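Structural overview for review
Residues per chain, in single letters:
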Amino acid sequence: MKTFVMKQIGETAWIDKEKPEAGPRDAILRPIAIAPCTSDIHTVYEGGIGERQNLVLGHEAVGEVIEVGSKVEDFRSGDRVIVPAITPDWYNTDIQDNYHQHSNGMLFGFQFANLKDGVFSEYFHVNDADLNLAHLPDEISPEAAVMLTDMVTTGLHGAELADIEFGDSVAVIGIGPVGLMAIAGAKLRGASRLFGAGSREVCAEVASDFGMTDQINYKEVPISEQIDSLTYGKGVDATIIAGGDSDVLTTAVEITKPGGNISNINYFSIGESLPIPRLAWGNGMAHKTIKGGLCPGGRIRMERLANLVTTGRLNPEKLITHHYNKFEDIEEAFKLMKDKPRDLIKPVVTID
Ligand code: NDP
Ligand code: ZN
């Protein structure tokens, strides 16, 4: 079967691989909608998770079930399903005392295009199908649903980690597709003033639709100066980091009030350590909490996010700026994600 792979750090390629096989609890799917992620770009071009050779890329997919193992109960061949980017090993005992994202080891829920072949393939394998897959509701298009697998769950997790409360002022650093969903999540949780840092106009427009009240163009004046003047020196109750290099952590600590929360959903792909500014962190005593997390996966999470769409609370289709309609176009979509033209938020490839 045809697959789009990371050949090695810095290089992608098309290669033929054997079709995967299903164990008793697994499923084999064919993709019907796929999207590249900025994380794939960090992985290939910055070596963010180290060397990988001939590893199939991609972790955002909606698929059709082709085959299931003997112990799978709720899915059968022909079902259309949402496949979360994070597909933990639900039968590992770590599940009972850990975040599911880290069952069996730190970040081990991030299996696709990290620990095993991803979804940019004519067929792909999903472990623990009953616990990882969710049925695609008829009312949601495969294109919209593929946004749930990673962008929506990640952005909303940013708002969860920041523990946003009614009336909180919130800054979201980065308003690409992940930051946009963090804005949507902060609004759903009751944020009042919502600052969004980014320079792409196409993103700023959609950010306003999702609830941003003030755009911070970080290319014109540093974020900390702009927040300082807009909040009369007080800072914000919570900051969500969804873009930028490690300096944004410094900025986040600077702009967050004492007692406030900093939540990171960015993938820092370069450097050995991350800078925390001593004085802005109150010499370690400012009660500013920093949390960082991998997006939640699993079936129930996908079903709950799908409910947000079917009830009209969230429209993730607004993220999609570029549409493709054949499997091979994933190469072009991937290139777009690397180059980030100014009219891009997110590309999607649908496959008949
Ligand atoms: P994009 O590249 O589309 O967006 C990044 C945003 O950050 C843009 O708005 C960009 O502004 C802004 N930005 C860039 N540099 C700076 C800077 N120095 N200061 C402030 N803002 C800056 O990325 P995505 O939205 O696709 O992804 C965001 C991050 O989330 C990535 O690191 C990705 O790997 C990670 N991710 C993490 C997941 C998780 O589970 N935690 C899951 C999925 C993704 P501009 O408008 O100028 O482009
Ligand atoms: Zn991703």
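Residues numbered from 1 in each chain as written. Chains lettered and ligands numbered in written order. Predicted model: local features only at pLDDT ≥ 70, side-chain atom pairs only at ≥ 80, totals over all residues. Heavy atoms only, no water.

Partitioning the protein chain into domains gives domain 1 (2-152 + 295-350) and domain 2 (155-292). Taking only C-alpha atoms, the centre of domain 1 and the centre of domain 2 are 27 Å apart. In this complex, domain 1 contributes 27 residues to the contact, which on the side of domain 2 involves 21 residues. For the pair domain 1 and domain 2, the summed buried surface comes to about 2000 Å²; carbon and sulfur atoms form 65% of the total. (Domains from an automatic or database assignment. Contact = heavy atoms within 4.5 Å. Buried area = accessible area lost by both parts, 1.4 Å probe.)

Moving on, we get to the sheet that holds strand 10 (residues 194-197). Taking strand neighbours across the sheet as the criterion, the six strands line up as 11-10-9-12-13-14 in an open arrangement whose pairing is parallel. The strands lining the two open edges of the sheet, one partner per strand, are strand 11 (214-216) and strand 14 (289-292). The average undirected angle you get between the axes of adjacent strands in this sheet is 20°. As paired strands, strand 9 (residues 170-173) and strand 10 are joined by four bridges and run parallel to one another. Paired with Val170 across the strands is Leu194, a residue of strand 10. Each of strand 12 (236-241), strand 13 (256-264) and strand 14 touches helix 3 (residues 142-161); the most contacted strand, strand 13, lies at about 155° to it. (Pairing = 2+ DSSP bridges. Helix = DSSP H or I, 4+ residues; strand = E, 2+ residues; numbered from the N terminus. Axes fitted to C-alpha atoms, helices over the stretch in contact; angles between N-to-C directions.)

For the zinc ion (ligand 2), the protein coordination sphere consists of Cys37 (SG), His59 (NE2) and Asp150 (OD), at 1.8 to 2.3 Å. According to the relative accessible area criterion, Cys37 is buried, its value standing at 4%. For Asp150, a relative accessible area of 7% translates into the label buried. (Donors = N, O, S within 2.8 Å, 3.2 Å for Na, K, Ca; no water. Buried < 20%, exposed > 50% of the residue type's maximum accessible area, 1.4 Å probe, protein only.)

Looking at the element boundaries, Ser121 is found in the loop between strand 6 (80-83) and strand 7 (124-126). A relative accessible area of 1% places Ser121 in the buried class. Ser121 has contacts with Met1, Lys2, Thr3, Pro31, Val56 and Phe327, leaving out every residue within four places of it along the chain.

Here the focus is the site of ligand 1. Close to ligand 1 lie 29 residues, the nearest being Thr38, Ser199, Arg200, Tyr218 and Asn266. A distance of 3.2 Å separates an oxygen atom of ligand 1 from a polar backbone atom of Pro177. Side-chain polar atom of Tyr218 to an oxygen atom of ligand 1: 2.6 Å apart, as the coordinates give it. Its free accessible area being 940 Å², ligand 1 has 88% of it covered by the protein chains. Per-element accounting of the shell around ligand 1 gives the leading share, three residues, to helix 1 (residues 38-45). Counted by class, the shell around ligand 1 contains 13 nonpolar, 12 polar and four charged residues. (Near = heavy atom within 4 Å. Polar contact = N/O pair within 3.5 Å; in protein donor to acceptor, adjacent residues only side chain to side chain. Areas by Shrake-Rupley, 256 points an atom, 1.4 Å probe, with all protein chains shown as cover. Nonpolar A, V, L, I, M, F, W, Y, C, P; charged D, E, K, R; others polar.)

Even without glycine at this site, Asn54 takes up a positive phi of about 50°. Mapped onto the secondary structure, Asn54 falls in the loop between helix 1 and strand 4 (55-56). Since its relative accessible area comes to 32%, Asn54 is described here as partly exposed. A positive phi angle, close to 55°, is found at His287, a residue other than glycine. You can see His287 is positioned in the loop between strand 13 and strand 14.

This paragraph deals with the packing of helix 4 (residues 177-188) against helix 5 (residues 201-210). For the pair helix 4 and helix 5, the least separation of the axes is 9 Å and the interaxial angle reads 15°. Judged by the angle between their axes, helix 4 and helix 5 are roughly parallel. For the element pair helix 4 and helix 5, the recorded crossing hand is right-handed. Judged by residue contacts, Leu180, Met181, Ile183, Ala184 and Lys187 of helix 4 engage Cys203, Val206, Ala207 and Phe210 from helix 5. (Parallel < 35°, antiparallel > 145°, perpendicular 65-115°, else oblique. Left-handed = near helix turned anticlockwise from the far one by under 90°.)

A few words now on helix 6 (residues 223-230). Of the positions making up helix 6, those classed as buried are Ile223, Gln226 and Ile227. On an axial view of helix 6, the arc spanned by its buried residues comes to 95°, and they lie on one face. Opposite its buried face, helix 6 presents the exposed residues Glu225 and Ser229, each directed more than 90 degrees away. Considering only its buried residues, helix 6 is in contact with strand 9, strand 10, strand 11, strand 12 and helix 7 (247-255). Among the residues trailing helix 6, Tyr232 stands out with phi positive, at a value near 50°. (Arc of directions from axis to C-beta.)

Further remarks concern the state of the cysteines. Taken as a whole and judged by the stated rule, the model has zero disulfides. Cys203 carries a free sulfur, and the closest cysteine sulfur to it, the one in Cys37, is 14 Å from it. Judged by its relative accessible area of 1%, Cys203 falls in the buried class. The thiol of Cys295 is not disulfide-bonded; the next cysteine sulfur, from Cys37, is found 8.3 Å away. (Disulfide = S-S within 2.5 Å.)

Where strand 1 (residues 2-8) and strand 2 (residues 11-16) come together, six bridges link them in antiparallel fashion. Pairing of Gln8 across the sheet is with Glu11, part of strand 2. Here strand 1 folds back onto strand 2 in antiparallel fashion, the turn holding two residues, of which Gly10 has a positive phi close to 90°.

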